[in-house]
Structure formats: structure tokens, C-alpha cells
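Summary of the model geometry
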Amino acid sequence: MANTFQELGLNSYLIKAIGEMGFEKPTPVQERIIPDLLSQENDIVCLAQTGTGKTAAFGLPSLERIVAHNMERYTQVLVLSPTRELCKQITQDLRNYSKYLHDLHVVDVYGGAGIEPQIKALKKIPQIVVATPGRLLDLIGRKAVDLSRIHTLILDEADEMLNMGFKEDLDAILESVPQQKRVLLFSATLPLEVEKIAKTYMQDAQVVTVGTRNSGSDNVKHYYYMVHEKDRYLALKRVVDYYPDIYGIIFCRTRRETGDVATALIKDGYDADALHGDLSQMQRDQVMRRFKEKNLKLLVATDVAARGIDVNNLSHVINYNLPDEVEQYTHRSGRTGRADKTGKSIVIINTKEQSKIRRIEKIINKTFAQAKLPTGEEVCSKQLLSMIDHINAVEVREEQIAPYIRLIEDKWQDMSRKEIIKKFLSVEFNRFLDYYRNAPDLNIIQEKKKKNEEGDAPAYTPKRGEKGFKWVKLSIGTKQSVTTRHIIRMMTSLGVGKRGIGKIEIRRSECFVNISANAAKYVVEQTNNTEYRGRRLWSGIVE
Ligand code: ADP
Ligand code: MG
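Here the structure is a predicted model, which means the values were calculated and not measured.

1. Regarding the overall build of the protein chain
- For the protein chain, the helix and strand inventory stands at 21 helices and 20 strands.
- Each of the three principal axes of the protein chain carries a C-alpha extent, and together these read 90 × 65 × 45 Å.
- Look at the contacts in the protein chain between residues 6 or more apart in sequence, and 76% of them connect residues 24 or more apart.
- Entry remark: accessible area of the protein chain is about 27100 Å², with carbon and sulfur atoms responsible for 50%.
- Across the protein chain, the mean location of the 82 positive side-chain charges is 5 Å away from that of the 71 negative side-chain charges.

2. Observations regarding the sheet that holds strand 8 (residues 220-226)
- Taken in spatial order, the 7 strands make up an open sheet running 10-11-9-12-13-8-14, and their pairing is parallel. Each of the sheet's edge strands pairs with one partner strand only, and the pair in question is strand 10 (272-275) and strand 14 (369-370).
- Bridge analysis of strand 10 against strand 11 (residues 298-301) gives 4 bridges, and the strand direction is parallel. Looking at strand 11, one finds that D273 is bridged to L299.

3. Overview of the site of ligand 1
- Near ligand 1 there are 17 residues, and of these K25, Q30, G51, T55 and D310 occur at the shortest range.
- At 2.8 Å, a side-chain N or O of Q30 approaches a nitrogen atom of ligand 1.
- K54 has a polar backbone atom sitting 3.0 Å from an oxygen atom of ligand 1.
- Considering ligand 1 on its own, with 570 Å² of exposed area, one finds that the protein chains cover 82% of that surface.
- In terms of residue class, the shell around ligand 1 is built from 3 nonpolar, 10 polar and 4 charged.

The rules behind these values
- Residues numbered from 1 in each chain as written.
- Chains lettered and ligands numbered in written order.
- Predicted model: local features only at pLDDT ≥ 70, side-chain atom pairs only at ≥ 80, totals over all residues.
- Heavy atoms only, no water.
- Helix = DSSP H or I, 4+ residues; strand = E, 2+ residues; numbered from the N terminus.
- Contact = heavy atoms within 4.5 Å.
- Areas by Shrake-Rupley, 256 points an atom, 1.4 Å probe, with all protein chains shown as cover.
- Lys, Arg positive; Asp, Glu negative; His and termini not counted.
- Charge placed at Lys NZ, Arg CZ, Asp CG, Glu CD.
- Pairing = 2+ DSSP bridges.
- Near = heavy atom within 4 Å.
- Polar contact = N/O pair within 3.5 Å; in protein donor to acceptor, adjacent residues only side chain to side chain.
- Nonpolar A, V, L, I, M, F, W, Y, C, P; charged D, E, K, R; others polar.

So, in C-alpha cells, the structure goes:
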């Protein structure tokens, strides 16, 4: 395996530029797919968790290819991405990589901004266009963009594009671009819809999985706090107060909640602000800039708004409320624990939400630790220690303060060292002492889980299966009008032959299928945590 970008076969201009960006050696995804992208023509589906360096994995070989095409001025590469923030970020990344490639142009087009300037920018005929699906369709309709000669089409965050309802737009775009092109699809997860896109629009796509599918970064630790619903905000504050150097994203479920939480935090004196779709482009840019510059320590955001945003060094991701689609959790927690740093992903739940934690554990293949919210006293000591650390770390500008020392000494001549210290600390610290005086214990300690309570264990277990077969349980049944035919069709579409399918038992909200032992695991891998007719499908082997 190649250890350097040189060995992967990239040209020296690119290597120089990425070297300046601090890329010393390729990440596993890059190592895995760049050589294929440079030497072959086939379509690739690449599954890799967030933060693994996918942008460069597709960006660098695309640029290399444009160089090989003598930088000719026609649109050669199209990148589709779900949000405008991500579009802008990909564009910025590509511009950074191509810093030393003169005459290389990247234009981004996305909704929520004036279309005229974008049409004008496209007149330059950039070699690369980065677009959100809706806006691109609009531009295609106005004949403002010519995609007739693209050789590479990249679908970034494909699962998210489909989650956001871009299916029809995607179909329309994919129908309208030339057949003779390579398609690269990147996704953190592989729900059935994404597979469908891959099957319809890609040819013999090679599926490359880097790292464990669906799993988050190993650098992330997962915790949850359980409180009464009414205490959710108080719990959030306590978590935030307990980590004085917190730099993180607080995820909410809706725009409204995002706004409410941000407003409450601002009112309570935190460096926080909201990022969601109701804001104007300018407001969003401003919030993002402040956050990236760390002038904001807490970004309160919806999933959509925060998707793909590349902010490094987040110390925490806080799930103020879990997403409706628990699968989103991976994307959220993937925002922290990047670049060899460790991060914490924290979830605040109420007593009824434990089963969601269990479901997420299955997806990420890791367990959550139930953490106890710190008491008021613990928060205060933590804050105090941190303040002292900050004071210790402060640089003293001797010369500049010299003239004032006399003044101060005069004023405080009757005060003891101890008194002075106390007063200094109180300036900052009284807010916490006041707030946490008599602060109640918000924790709800979990009772031992009763068997069957979470619906994990099947209420019904099928009789012994046929020899050489295993029972696979699927979370769909007559309630969803599932019939034997449906199940057989589903299995055959996964590539299981008729002889690999045995008995089928369909219950009300689950069904059991006998699958030949050697295919059972594959079937579960392909079906568990995917979507079936718009609802989440869970599957597993019944031992
Ligand atoms: P993904 O799309 O997989 O979520 P990104 O492409 O946004 O990940 O990359 C995540 C971060 O890692 C970015 O800040 C990027 O600059 C950085 N990065 C990517 N490749 C490398 C590399 N080879 N060496 C160092 N940093 C890298
Ligand atoms: Mg990405």
C-alpha cells in the first residue's frame, strides 16, 4: 500500500498544495480509491464514515484527470452535494488543492442565493461544477450549464441527498447527463434508496467500504444523560457548564427548537447561536464564520444545516434531542473525534427514550455509558479550576502594566492576598455560584431493564428452521401488508437464489425467513437499518 501521495500517482502541483494544507500522508479512503480512480474507469460506491477525507479522495483524482485533459475549458466534472454549505466547502477544498494549477476553475451553484451571479460564473465554463440538485436542475432548464461532456459525476453524501428528498431531482439530473461517464457515489450509510440509485445509474459499481460500515469514529465516546422531559434544557446547561472549554455543536430536531435553545443560551450568557434553514444565506455565513473562528463556542443546529460542515477540533457533539431517524446519529457524532482528537458525543434523553439509545448502539456497534449529570458543586469546582488554569496561563505584559501597579498597590494596600484572590474569582464566578446554589439533582437513575421491554427480544420465536438454514427476522409484517411474494422478491433482489430461501412466517409486525446459512449474514447486512417503504427496517439472525 502506498504511504505517500507521490506513490499514489498524483502530480507535484497537487502534492505541493495539499502539503501546505498539512496533508502528509493519505487517509485510508484516499489510499484505497485514488489509485483506482487514476488508473481505471469503473464506477465506485464508497462507504466511509464522516471525517475520513472523502473530498480529497474524489477531488484529487478528478483534478489529476483534468490535467490529463490539458485543462481544457469545458465542464468535465460535476459534483452533487445536499447542502449549500457543503457545496461551498467542497469548492473551497478543490480550490485549495488546485492552488498551483493555473486556469483551473471551480464554480459552485446552490439554492437560496441569486441565480444570476451563478449563471454569470458558469459562463466562464469552469472545469468543475459543484451543485445542489435543485439549483442545478434550474440551471439546466435555463441552459446555463453544459454537462454534455462531463467524464466524472460525483454524488457526495448520497444518503443525505435522498433523505432530503432530492430523489426526483437526482433522477432528472442523472437522466440528463451523458451515459459515457464515470459515477462515484459517496455515502456514510447504504440505505436501499442509495442502492437503487447505484443500481439504476451506475454500471457494475465496485463497492468499497472503508472502516466499519455505519460506525462512528473510534475517537468518539458516547454518553447519555437521562432526565425528565421538563429538565432537558437545565441538563444541557449543566453539561455545558461542566466543560468550561467546550467547543461544540448542539443538535436539535427542528428549526424551531434550534431557535429556542439558542435564544435561551444567549439569554443565559453563553457564546451560542443558531444555524438553520430559516436564516438568510448571509446570516448563515456569518454564524459559520464566527463558529469557525471560535468566537462562538456553541453552535445550535439542525441536521440539515450542519451536514458536511467541516469544523475540526470540536470537543463535543450534544444531542439536545435525538434525530427522528436514529441513523442520523452517526453523522452527528462524526462531527467530533476528528483528526486523531478524541471527542464526546452526548445525548440527553427522557425516560421514554432508552430504546432509541439501544437502537443507536446497534447501528454504531458501540455502547453508550450512562453518565450522571454533575451536581452544582461539581460544576462550580470544575469552573473554578479552569479559571485558575486560565489565569496561570495568561501572559503578563510586564512593561505595559508597570505604570498601573503602583495605583493598584495603593488601592489595595489594606487587603490581604487571600481577600484579593477571592474578589478576583468572584467577578467571574458569582454567576455560577448563584445559579448552582441549591441546584437540584436532575438525574434519573435507570432501573434494570425488564426483558422484552424494549422489544429487542422477539415476542415470538419460530420453530426450528430447516437444516442448513437460519431464521432471519425482519421488522415488517402483515401490518405493512407484507406477503410471502414481497419477501421472496426482496431476497432475490439481494441476490439470494430461490433455493437459498426456505420457510417464511409472517406475523403482524415482524416476519421470519429461513435463509441458507451461508447467506443469512449477508442478508442481514444488506437489510438491517435500511428503509422499507419509507420506514426503517431492522433485521437480525435469530439464534
Ligand atoms: P469526509 O468528506 O470524509 O467527511 P473531509 O473530506 O471533509 O471528510 O475531510 C475531513 C478533514 O480531514 C478535512 O479537514 C480535511 O482537510 C482533512 N484531511 C483530508 N485528508 C487528509 C490527509 N490526507 N491528511 C490530513 N488531513 C486530511
Ligand atoms: Mg464529505
